[in-house]
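# Secondary and tertiary structure notes
In case you want the letters, here they are:
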Amino acid sequence: MSKPFILGIGGFLHDGNIAVLDKSGQIIHASQIERFNRKKHAPLESPDELESLLRLRVRSDILETIDHIAWVDAYLYRKPGKRAALHKWVQGLGRDVVAVDHHTAHLASTFYNSPFDNATLLSIDGKGDECSVKMALGVGNKIEEVGAVPMHYSLGRLWNATNTIVGVPGFQYAGKTMALASYGNPVYLDKLLTFVEFTQEGTFIFHTGDKSDSSANRAFFFEKQNIVALLCRLTGITICAPGAQPSQAHLDLAASVQALTNILGLSLTTEAVKRTGIKDICLAGGVALNGNMNKAIVDSGVVGKVFIQPAASDMGLGLGGAQYVYHHTQDNPRTSASFTPYLGYAIDETIVPREFLKAGLQWVYCSDIENETAKLLASGKIVAWLQGKEEFGPRALGNRSILVSPLVPGIKDELNQKVKHREGYRPFAGSVIAERASEFFDIDVPSPHMLLIAQAREQYRAKLGAIVHIDGSIRLQTVTKEANMRYHELLQRFGALTGIPALLNTSLNDNEEPIVSSLDDAIKLFKRSQIDYLVVGNYIASR
């Protein structure tokens, strides 16, 4: 039997993920294990779960048709530890296994999906395979490393430490700390800069006073608790207990760490562009989910065009690994297809009526689903919107979304009370048709994957209050007809009714749950929440 597929697997510590390429290099599937096992940020550990995911969500004979397997990280392939059973299972398949470096996979995941033939590549995250940052040159189908920062000096770990201090411990809560930062001022930035040394090579190190890349400094900054202690000592702040109200000092620390992140991110970008000589840049790594830093890079004038892969964090490692093997290792040319983030499990619309009936839901079929849904949204209803293939990465981009009108007074609190149950300080994101984005927001570049922060224009801040944060900012998705025709049409229809083609768009889940993947997941959420309507394909369900 022909074995035309390449499998990429990654996220063995958290955010387990897979990707499958066909023999022409096209992505036929990419998803996170959490969507399948319903465990938020779940690592890829279990061979049984991996096999079930592949056979049930990709194709039943997938394991018989795989030729190569890309395993990311290389270190965890040499020393699998808790992943020993998975390691043994992979080897037992008898396929060629290629161990791909962590940051190389990050860089591959963004470069090979970008529209650029040649680009500067920059990955920034916690750590992986001895680095916290890697710079590279992407030319055609090849990636050449041009620089790195040792894993001991890590922006990702700095955010993890800050999360602990401001009362939201856990690496996965950097988004909460980002939200808190908007309530503060960067009054501690100068103090934070005292432990940063910009090197002659154009990168940076952290130090405790001697400005050296010593083994003592490396050991100190490799441990999160040491960074927590240092930040508390420098600022005089004590750790906020989880669930307690952060003080203004905590908010100011969050704002200061964001300001430092912008400085270091831009410094790394400047150096990477200098080394490659190419202004177009591709970003990846967990820190590339920081929309404020990304916007600072976009606005700096240092770069040309910017591409950020939607699963920029470790969720995208499997994809990057598979593409690195296909393009760089096997020397296959790049494909000409435009990248889409809709790469996961697809809804079978033919079973929708049967499943709605089985769940005891009332339903109707609508030939003009966009218009009917726009009317519901304009009337203030909360709509679960489930269409086609699920998004790859942490953001809902119009296929697994909860949608509401941002124009309804009090809708943010209502949405939190009825469905999301999130902290009140956290903002909701928004989607707008790309051709009118600059009319309402201070943005003149695409933000298709919701990875840039924009400012709402002054005259619309009050009207769009449900999606505008305390500082006037918004995490924005710009939607084109080419990227998502149905969602774009819905936004247009809503705009025709209200004058503003923008919606509050939040992930289709409850707090601390993975985003809905299947129709069954969506029905369960709908029945236990107070969502008003569930729209799947051309069907609208109600209670």
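In this report, the structure presented in the accompanying data block is examined. Quick caveat, the model's predicted, so the values are computed rather than measured. (Residues numbered from 1 in each chain as written. Predicted model: local features only at pLDDT ≥ 70, side-chain atom pairs only at ≥ 80, totals over all residues. Heavy atoms only, no water.)

Right, let's get into the packing of aromatic side chains. Here the distance between the centres and the angle between the planes together describe a pair of aromatic rings. Following the criterion strictly, the structure yields 14 aromatic pairs and no others. Between F111 and Y112 the ring centres are 5.4 Å apart and the planes differ by 45°, which places this aromatic pair in the tilted class. Each member of the pair, F111 as well as Y112, carries the same accessibility label: buried. Between the aromatic rings of F195 and F206, the centroid separation amounts to 5.3 Å while the plane-to-plane angle is 85°, which identifies the pairing as edge-to-face. Pair noted here: F195 is in the loop between α8 (189–193) and β9 (196–198) and F206 is in strand β10 (residues 204–206), with a separation of 11 residues, a long-range link. Of the two residues examined, F195 and F206, each falls in the buried class. These aromatic residues form a ring-pair network of at least three members: Y153, F195, F204, F206, F220 and F221. Over the aromatic face of Y345 sits the side chain of R57, whose NZ or CZ is 4.1 Å from the ring centroid. (Phe/Tyr/Trp six-rings, centres within 6.5 Å; stacked < 30°, edge-to-face > 60°. Buried < 20%, exposed > 50% of the residue type's maximum accessible area, 1.4 Å probe, protein only. Helix = DSSP H or I, 4+ residues; strand = E, 2+ residues; numbered from the N terminus. Lys NZ or Arg CZ within 6 Å of the ring centre and 35° of its normal.)

Between helix α6 (residues 155–166) and helix α10 (residues 224–235), whose axes approach to 9 Å, the crossing angle comes to 60°. Of the two possible hands of crossing, α6 and α10 adopt the one that is right-handed. For the pair formed by α6 and α10, the contact residues are R157, L158, N160, A161, T162, T164 and I165 on the first element and K224, I227, V228, L231 and C232 on the second. Classifying every residue of the contact of α6 with α10 by side-chain character gives seven nonpolar, three polar and two charged. (Axes fitted to C-alpha atoms, helices over the stretch in contact; angles between N-to-C directions. Left-handed = near helix turned anticlockwise from the far one by under 90°. Contact = heavy atoms within 4.5 Å. Nonpolar A, V, L, I, M, F, W, Y, C, P; charged D, E, K, R; others polar.)

Even without glycine at this site, R38 takes up a positive phi of about 65°. On the basis of relative accessibility, which here comes to 28%, the residue R38 falls in the partly exposed class. In the Ramachandran plot, M450 falls in the positive-phi region, its phi being about 60° despite a non-glycine side chain. Summarising the element assignment, M450 is placed in the loop between α17 (437–440) and β19 (452–455). Judged by its relative accessible area of 2%, M450 is buried.

Turning next to the nonpolar core. Counting residues in hydrophobic clusters, the biggest one holds 92 residues, and the most contacted among them are F195, F356, F441, I531 and L534. Broken down by element, the residue count for this core peaks at eight residues, all from helix α11 (residues 248–276). Other than its neighbours up to four places away in sequence, L534 contacts F356, A384, A522, I523, F526, Y539, I540 and A541. If you look at the next biggest cluster of nonpolar residues, it comprises 31 residues, including L21, L107, M315 and L319. (Core = buried A, V, L, I, M, F, W, Y, C linked by side-chain atoms within 4.5 Å.)

What follows is about the pairing of strand β4 (residues 66–71). With five of six residues buried, β4 is to be regarded as a mostly interior element. The sheet contact formed by strand β1 (residues 5–10) and β4 spans five bridges and is parallel. Bridge pairing in β4 places I9 opposite W71. In terms of strand pairing, β4 meets strand β5 (residues 96–99) through four bridges, oriented parallel. Across the sheet, W71 pairs through a bridge with A99, a residue of β5. (Pairing = 2+ DSSP bridges.)

Let's shift gears to the pattern of salt bridges. This structure, assessed with the given rule, holds 27 salt bridges. Between E34 and R35 there is a salt bridge; the shortest N-O distance is 4.0 Å. Grouping residues by exposure puts E34 and R35 together as buried. E513 is the salt-bridge partner of R528, the closest N and O atoms lying 2.5 Å from each other. Of the two residues, R528 is situated in helix α19 (residues 519–528) and E513 in the loop between β21 (502–507) and α19; the sequence distance between them amounts to 15 residues. Owing to a relative accessible area of 48%, R528 belongs among the partly exposed residues under this scheme. Residue E513 is classed as partly exposed on the basis of its relative accessible area, which comes to 21%. (Salt bridge = Lys/Arg side-chain N within 4 Å of Asp/Glu carboxyl O.)

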